[in-house]
Amino acid sequence: MAAVEAPEDRIFAALASPVRREVLRLLREEGPQPVQRLAGHFDMARPSFSEHLKVLREAGLVSERKVGRQRLYRLEAVPLNEVQEWLSPFERFWREKLTGLRDLLDSMDEERHER
C-alpha cells in the first residue's frame, strides 16, 4: 500500500476509524484532556491507543502539549474545513438531485389531484 501523502488523504484516513472519530467527539464536547482520561474511554492496550493519537496528530486534527508529567490533547478543527470544502460539491450535487425529485413528485401529485 502506498504511503498517504496529501493532507486531505491523511485527514480522511484519520476519520476512517471509529475510535479516532470518538476521540475527536470527546475533545469537541469535553475540551482538552490528558491522554489517560481519553484512553479510559476505550477498551484497548495503551500502545494501540497511542497509535490512534499519532494518526490524529499527523493529520493535524489534534495537538499535544506537555503540562507537567501529562500530555494534554486538544482538538484542532481547522483541517476539517478542508474536508468540508472537498465535500461541498457533492452536497450541492445531491441537493440539486433531491430538489429535482421533489419537483417531479409535486408535479405528479398535482396531476393526480387534477383528475
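Predicted, not measured: the structure shown is a model, and the values here were computed from it. (Residues numbered from 1 in each chain as written. Predicted model: local features only at pLDDT ≥ 70, side-chain atom pairs only at ≥ 80, totals over all residues. Heavy atoms only, no water.)

A. Expanded view of the sheet that holds strand β3 (residues 70-75). The antiparallel open sheet is built from 3 strands, whose spatial order is β1-β3-β2. The open sheet terminates on both sides in strands that have one partner only, identified here as β1 (33-34) and β2 (62-67). Of the strand pairs in this sheet, β1 and β3 are connected by 2 bridges, and their pairing is antiparallel. The partner of Pro34 across the bridge, within β3, is Leu72. Against the sheet, helix α2 (residues 18-30) engages β1, β2 and β3, with an angle of about 85 degrees to β3. Against the sheet, helix α4 (residues 46-58) engages β2 and β3, with an angle of about 120 degrees to β2. (Pairing = 2+ DSSP bridges. Helix = DSSP H or I, 4+ residues; strand = E, 2+ residues; numbered from the N terminus. Contact = heavy atoms within 4.5 Å. Axes fitted to C-alpha atoms, helices over the stretch in contact; angles between N-to-C directions.)

B. Main features of α4. Over its 13 residues, α4 extends 18 Å from the first C-alpha to the last, a length consistent with the 18 Å expected when each residue adds 1.5 Å. Considering only its buried residues, α4 is in contact with α1 (7-15), α2, α3 (35-39), β2 and β3. With its phi angle positive at about 80 degrees, Gly60 sits one or two positions after the end of α4. (Expected span 1.5 Å × (residues − 1).)

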